[in-house]
Amino acid sequence: MTRRLTVAQALVTFLAHQYTERDGRRQRLIDACWGIFGHGNVAGIGQALLESEGALPYLQGRNEQAMVHAAVGFARQRDRLAAHAVTTSIGPGATNLVTGAALATVNRLPVLLLPGDTFATRPADPVLQQLEHPGAGDVSVNDCLRPVSRYFDRITRPEALIPAALQAMRVLTDPAETGAVTLALPQDVQAEAYDWPEEFLADRVWHVRRPAPDPAATADAAAAVRAARRPLIVAGGGVHHSEAEDALRALVEATGIPVASTQAGKGSLRHDHPADVGGIGHTGTAVADELARAADVVIGVGTRYSDFTTASATLFAPGVRFVNLNITSFDAHKLAALPLVADARAGLRALTEALAGHRVPASYESEYAAGKAGWEAEVERAYAVADPGARPGQAQVLGALDAVVGDEDVIINAAGSLPGDLHKLWRARSRRQYHLEYGYSCMGYEIPAAIGVRLAAPDRPVWALVGDGTYLMMPTELVTAVQEGIAIKVVLIQNHGYASIGGLSEAVGGERFGTAYRYRAPDGTYSGDPLPVDLAANAASLGMDVLRARTTGELRTVLAEARAADRPTCVYVETETADSVSGAPPAQAWWDVPVAETATRPAAVRARRDYERHAAARRRYLGT
């Protein structure tokens, strides 16, 4: 049996019948399709979505990059078991996908990209928005999506869709391979009809595996942990993706091993669990980083070991041994570790069983308990309000939000000075409350991602925390939130510049050059008065309800009002200036940003001396 449909109609029908299943729970794989239409997809995918009569729900976006961010937020909230598709026209619509695709692939999160492409049959050459490559007639702008996609194919014939679509679903649902998947669709092929096998269009369930670790590898890992006096677990995003939080808690309660978390792994344990010592690395807590410096075995669970986590290879001691539990062999073998290639939940359960009867020394538990209590006092000091009538610092904004939210709230951020403050200070209450995109740290992610998270979890209050720099990058999807009635809460912090990069610039001898949002001064620098922009008025003009918090004393009341709101709502707060915005404890570990080797300005000369001192501590971890 066959059914005659266009390529676009067949693809939409196919996607509407794909499902995932893990642990006996089945759900749709492609939950909806975001789209902005142009001549490259309006008569193909656009017509097919209309023809489907809602079988594959359609979501209207304003910016192609933002649509991918929304899809990524949705997929992360759904533990990578459900995803969104994104369709664009050819040309700039397609190239706008690249940043979002890179973000998805870096963070190992599934999104299906369906950019239009130039004519496969080339009846007119070039067509509008076509990039001509004199040495290659089969190259289009979509080829720039190849390096940022985990799977890429160009569908130049109708029948080629069948194997390509199946491969695309395989990659999207494979936890070891997932990321951005791109099917480039020439505009003529989208509209071409073909007789499709009914089997291709039928319901198909993709079973998401939980591979167990090799028994011998588990025994080796357990032996290394048993021999350790000061083991430390580093929890990464894989703990959340695998829903392994309960398994992690069972392991640490049986053994007493403390847990430090990456940005992606924060919330693997509740903040008040005795074994949770907070964030690790450059933006980590003092207690976690001190434990890391003295650890003799580090057990990484679902982490990529980014430079922020390892403090650019200066955090862990020489001679430390790594045990890495990861679904991907690539990550499990990092730092010359003993690899446990397995699903995080399955691996943690196997390791717990292999460690039966083992517990760390009581003195070690007392040590990290005291360190944890000391850091909690630091958090209280950072959150404290000295003058309710003054403008808040950024830490006071987080403290007020901490007092307002419940376990069910989701806090989203990606870039600027907020990720460091959040990693050090935020008290994560539930497994998906802390949503930091810090793999690509993409300005502009927060607002569209909040929409995606709210679509994935419509009963949870969702907060997008953005500074003025991030807001100016991509406020467009506020219109989408208003149009769809998606009641996200945006906390817009006006600090008059790129606060994070300003601080980094100062530390590396750049003297905050080009990081303030100010008028030019007579000397040509941007050191005049702050610009008179009113971002609250801008948000209101896009349809948001806007609440202004002018003082620290007003802030908690305004945030509580926003939390109770059933419409998209923006809380606007002007903090101290960009050079004094944070108020959080300073970095507890180094981050390698190379400093000019030769310079005449004193700040750069001093920064180079500091850089050379820190860089001397870098080391290779090569095992034994």
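Structure report, in brief.

1. Side note on the pattern of salt bridges
Counted under the stated rule, the structure contains 42 salt bridges. The residue arginine 157 makes a salt bridge to glutamate 192 at a minimum N-O spacing of 3.6 Å. Placement of arginine 157 in the loop between strand S8 (151–154) and helix H6 (161–173) and of glutamate 192 in the loop between helix H7 (187–190) and strand S10 (193–197) is noted, with a sequence separation of 35 residues between them. Relative accessible area serves as the criterion here: at 29%, glutamate 192 is assigned to the partly exposed category.

2. A closer look at the packing of aromatic side chains
One pass over the structure, following the stated rule, counts 13 aromatic pairs. Considering the side-chain rings of tyrosine 498 and tyrosine 517, the 5.0 Å spacing of their centres and the 75° angle between planes classify their relative orientation as edge-to-face. Here tyrosine 498 is found in the loop between strand S21 (489–494) and helix H22 (499–507), whereas its partner tyrosine 517 is found in the loop between H22 and helix H23 (535–541), with 19 residues between them in sequence. Residue tyrosine 498 is classed as partly exposed on the basis of its relative accessible area of 29%. Arranged with centres 5.7 Å apart and planes meeting at 55°, the rings of tryptophan 590 and tyrosine 611 form a pair that is tilted. Of the two residues, tryptophan 590 is situated in the loop between strand S23 (569–574) and helix H25 (602–615) and tyrosine 611 in helix H25; the sequence distance between them amounts to 21 residues. Three or more aromatic residues joined by ring pairs make a cluster, and in this case those are Phe14, Tyr194, Trp196 and Phe200. Above the ring of tyrosine 19, the side-chain terminus of arginine 26 is found at 4.1 Å from the ring centroid. Directly above the aromatic system of tyrosine 434 lies the positively charged group of lysine 266, at a separation of 5.5 Å from the ring centroid.

3. Description of the sheet that holds strand S4 (residues 30–35)
Pairing in this open sheet of six strands is parallel, and the strands run S5-S4-S6-S7-S9-S8 from one edge to the other. Edge positions in the sheet fall to strand S5 (58–60) and S8, since each of these pairs with one other strand and no more. Strand-to-strand twist of the sheet, defined as the mean angle between neighbouring strand axes without regard to direction, takes the value 20°. Where strand S6 (residues 83–88) meets strand S7 (residues 111–117), four bridges bridge the pair, whose relative direction is parallel. Its bridge partner being in S7, alanine 85 is matched across the sheet by leucine 112.

Rules of the game
Residues numbered from 1 in each chain as written. Predicted model: local features only at pLDDT ≥ 70, side-chain atom pairs only at ≥ 80, totals over all residues. Heavy atoms only, no water. Salt bridge = Lys/Arg side-chain N within 4 Å of Asp/Glu carboxyl O. Helix = DSSP H or I, 4+ residues; strand = E, 2+ residues; numbered from the N terminus. Buried < 20%, exposed > 50% of the residue type's maximum accessible area, 1.4 Å probe, protein only. Phe/Tyr/Trp six-rings, centres within 6.5 Å; stacked < 30°, edge-to-face > 60°. Lys NZ or Arg CZ within 6 Å of the ring centre and 35° of its normal. Pairing = 2+ DSSP bridges. Axes fitted to C-alpha atoms, helices over the stretch in contact; angles between N-to-C directions.

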